Amino acid sequence: ITSAVAFDILPLKLHPFSQSTPTGLDCMGWKRRISSPVITDGALDKTALTDDVGSEEDLYEDFRSSNHRYGHPGGGGEQLAINELISDGSVVYAEALWDHVTMDDQELGFKAGDVIEVMDATNKEWWWGRILDSEGWFPASFVRLRVNQDEPMEDYPLKVEGGKEDDSSSGSRRFGMGQTTKDQMRTNVINEIISTERDYIKHLKDICEGYIKQCRKRADMFTEEQLKTIFGNIEDIYRCQKKFVKALEKKFNKDHPHLSEVGSCFLEYQTEFQIYSEYCNNHPNACMELSRLTKVSKYVYFFEACRLLQKMIDISLDGFLLTPVQKICKYPLQLAELLKYTNPQHRDFKDVEAALNAMKNVARLINERKRRLENIDKIAQWQSSIEDWEGEDVLVRSSELIYSGELTKISHPQAKSQQRMFFLFDHQLVCCKKDLLRRDILYYKSRINMDDMEILDVEDGKDKDFNISVKNAFKLHCRDTEEVHLFCAKKPEQKQRWLKAFENERRQVQLDQETGFSITEVQKKQAMLNASKQHHSGKPKAVTRPYYDFLMRQKHPTLPTTLPQQQVFMLAEPKRKPSNFWQNISRLTPFRK
């Protein structure tokens, strides 16, 4: 089926409340032909708006109905240029930023890094493309156009007859004044990095001056807490990126871009880029708050008026706020492409190589922190399910479940043994007892401070401290009080898993100290409040299967040394319809023996 016919007969799909942004968002240079009303230091000057283009509502309706699109796929110069190239018979390639899981037979599935031939880009949301023999729709926001459209599909260097590399001395293709193909490709990538950084700075400036500044003037519409939720720390990001782009421009060789040495800039700012972690973690909250506000028409008109006054491209606020998430995830892609076209002899090669690894680590750290913050809600829900809880909340000191399982605890005096359920978090080990009749109900019994403990492996046989024979045992010894806790597992492999878990717990604590990871008091209180609301809504106070499965899954407190590339870019992927899996599985009896 041809792409032209496909647009006539296949149903187009529209995204829900924007969770993704068109690929052309970096093209910020488009200007709108409208007069610029003045916003005073007080409230939004509606008189100025009315004098030029009518009321806020009229202004919004006028531009909405005109169906103008600027600088992004679906309208404007870039989108027209794509379709003109396709119409002229040129092949246009796009590179996948994230995995696209095929939802039906009309969609084109692919993985991050795949190269897609764009066959029709008429629609702004969904494009028609091809990979090998497969064709179908795919979301435009999942891809970016390749910088080097003329690059052959096989990896550089080019091959000649006999399978040998075609070097410059044997007649490789050249561009301009003796520039090789690879140098030209590197020039293209360098130019893209510089231009997109400049566009991104303008984009951040537009958000800070076009939205935040005006919102602060409307205390009747926004509280400071609301603005913090919606915009996060984007002003800090703006200040950081302004310094970064200045450093890049100092390293940019205008006469010979391929000789530019930009790798050191990324290495210099890798620590500062960690401020994106806070922004990415807050982004889901921003989307929810915006979704709530935009149900009220006055906020829709206000946000649209802000966008028009700042002469920003035709994308809603939630779309603009997604770009910092996409930007930090795009750096590894750009650096990987830059490294691909940088000769090992180039002075920038080692720095680019190190910068690529550094930015991947930044993305991993952001993903890890996002996962940890998502876990605190589950930990709070777990605690709310425990009967007779005493003392401080788990979240006061912990944010990660390392391991859990059943152990026999042997206590002084008389070496009394008790079967208990233990949950190892960072900094503490929580002990619970199962209900005799309902095994899915747990009662809080005690906890052990792991910061004061050392782990002792105990050989099978008679233990001199407790004067009993033990098997698969280990001890926790308190260095301050000399208190000793003896535990026995049912099997040797279970004992080994516990010993490994204790090592991982200490490693996790050390890693958190090194990276400065912490959870704010507000986040802790909100998680416990949410858990309390769920409990009072009528749910049974028991460890439901999803939480139990969650607890049993958490056996790796640190990231593996290698991470699938698509996970690095998972942050900005639009959410799909939630699965009913947990609703079905939660009907099972938890902790069934």
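The structure under discussion appears in the preceding block.
The shown structure was predicted, so the numbers you read here are calculated from the model rather than taken from an experiment. (Residues numbered from 1 in each chain as written. Predicted model: local features only at pLDDT ≥ 70, side-chain atom pairs only at ≥ 80, totals over all residues. Heavy atoms only, no water.)

1. Quick notes on the packing of helix α5 (residues 181-216) against helix α11 (residues 317-340)
One way to put it is that α5 packs onto α11 with a least axis distance of 11 Å and a crossing angle of 160 degrees. Between α5 and α11, the angle is such that the two are roughly antiparallel. When you trace α5 past α11, the crossing you get is left-handed. Broken down by class, the residue content of the contact of α5 with α11 amounts to 13 nonpolar, four polar and eight charged. (Axes fitted to C-alpha atoms, helices over the stretch in contact; angles between N-to-C directions. Helix = DSSP H or I, 4+ residues; strand = E, 2+ residues; numbered from the N terminus. Parallel < 35°, antiparallel > 145°, perpendicular 65-115°, else oblique. Left-handed = near helix turned anticlockwise from the far one by under 90°. Nonpolar A, V, L, I, M, F, W, Y, C, P; charged D, E, K, R; others polar.)

2. Topic: the pairing of strand β4 (residues 134-139)
Strand direction decides the pairing type here: strand β3 (residues 126-131) and β4, joined by six bridges, are antiparallel. Considered in β4, the bridge of I131 is made with S134. Hairpin connection between β3 and β4: a loop of two residues separates the two successive antiparallel strands, and L132 in this loop has a positive phi of roughly 55 degrees. (Pairing = 2+ DSSP bridges.)

3. Concerning a positive patch on the surface
Taken together, the side chains of K205, K242, K246 and K250 present a region of like positive charge at the surface. For the positive patch, the leading source of residues is helix α7 (residues 234-251), giving three residues. In this fold, K205 is placed in helix α5. Owing to a relative accessible area of 36%, K205 belongs among the partly exposed residues under this scheme. (Patch = residues over 30% accessible without salt bridge, like charges linked within 9 Å, V, L, I, M, F, W, Y side chains within 5 Å. Areas by Shrake-Rupley, 256 points an atom, 1.4 Å probe, with all protein chains shown as cover. Salt bridge = Lys/Arg side-chain N within 4 Å of Asp/Glu carboxyl O. Lys, Arg positive; Asp, Glu negative; His and termini not counted. Charge placed at Lys NZ, Arg CZ, Asp CG, Glu CD. Buried < 20%, exposed > 50% of the residue type's maximum accessible area, 1.4 Å probe, protein only.)

4. Comments concerning α7
In a regular helix each residue adds 1.5 Å, so 18 residues correspond to 26 Å; α7 covers 26 Å between its end C-alpha atoms and thus fits that length. I234, I237, Y238, C240, Q241, F244, V245, A247 and L248 are the residues of α7 that are buried. Looking at the packing, one finds that the buried side of α7 touches α5, α6 (224-231), α8 (263-269), α9 (276-293) and α11. (Expected span 1.5 Å × (residues − 1). Contact = heavy atoms within 4.5 Å.)

5. As for helix α10 (residues 297-309)
Helix length check: α10 (13 residues) gives 18 Å between terminal C-alpha atoms against 18 Å at 1.5 Å per residue, within 8%. Within α10, 10 of the 13 residues are buried, leaving the element largely enclosed by the surrounding structure. Residues of α10 that are buried: Y299, Y301, F302, F303, E304, A305, C306, R307, L308 and L309. Positive backbone phi, at 60 degrees, marks K311, one or two positions downstream of α10.

6. A short note on the pattern of salt bridges
If you walk through the whole model with that rule in mind, you get 33 salt bridges. For R144, the salt bridge is made with E337, and the minimal N-O distance between the two is 2.7 Å. Taken as a pair, R144 in strand β5 (residues 143-145) and E337 in helix α11 lie far apart in primary sequence, 193 residues in all. For R144, a relative accessible area of 6% gives the class buried.

7. Quick notes on the packing of α11 against helix α12 (residues 349-384)
Viewed as axis vectors pointing N to C, α11 and α12 meet at an angle of 155 degrees, and their least axial separation amounts to 9 Å. Viewed along their axes, α11 and α12 adopt a mutual orientation that is roughly antiparallel. In the packing of α11 onto α12, the handedness of the crossing is left-handed. Along the contact surface, α11 presents I328, Y331, P332, L335, A336, L338 and L339, while α12 presents F349, V352, E353, A355, L356, M359, K360, V362 and I366.

8. Side note on the nonpolar core
Proteins that are soluble and globular tend to have nonpolar side chains buried together. Ranked by internal contacts, the top residues of the largest apolar core, which has 63 residues, are F231, F266, F273 and I328. The set of elements that each furnish at least two residues to this core consists of α5, α6, α7, α8, α9, α10, α11 and α12. Excluding residues that lie within four positions of it along the chain, F273 makes contacts with C240, Q241, F244, F266, I328, Y331, M359 and V362. By size, the runner-up hydrophobic cluster in this structure holds 22 residues, among which are L373, W389, F517 and A531. (Core = buried A, V, L, I, M, F, W, Y, C linked by side-chain atoms within 4.5 Å.)

9. Structural notes on the packing of aromatic side chains
This structure, assessed with the given rule, holds 26 aromatic pairs. For the pair F474 and F487, a centre-to-centre distance of 5.5 Å together with 25 degrees between the ring planes defines the contact as stacked. Taken together, the positions of F474 in strand β15 (residues 473-478) and F487 in strand β16 (residues 484-488) put the pair 13 residues apart, joining distant regions of the chain. By the burial criterion, F474 is buried, and F487 matches it. Classification of F474 by relative accessible area gives buried; the value is 0%. Aromatic rings pair up to connect Y211, F222, Y299, F302, F303 and F320 into one cluster. Looking at K242, its charged tip hangs above the ring of Y238, at a distance of 4.5 Å from the centre. (Phe/Tyr/Trp six-rings, centres within 6.5 Å; stacked < 30°, edge-to-face > 60°. Lys NZ or Arg CZ within 6 Å of the ring centre and 35° of its normal.)

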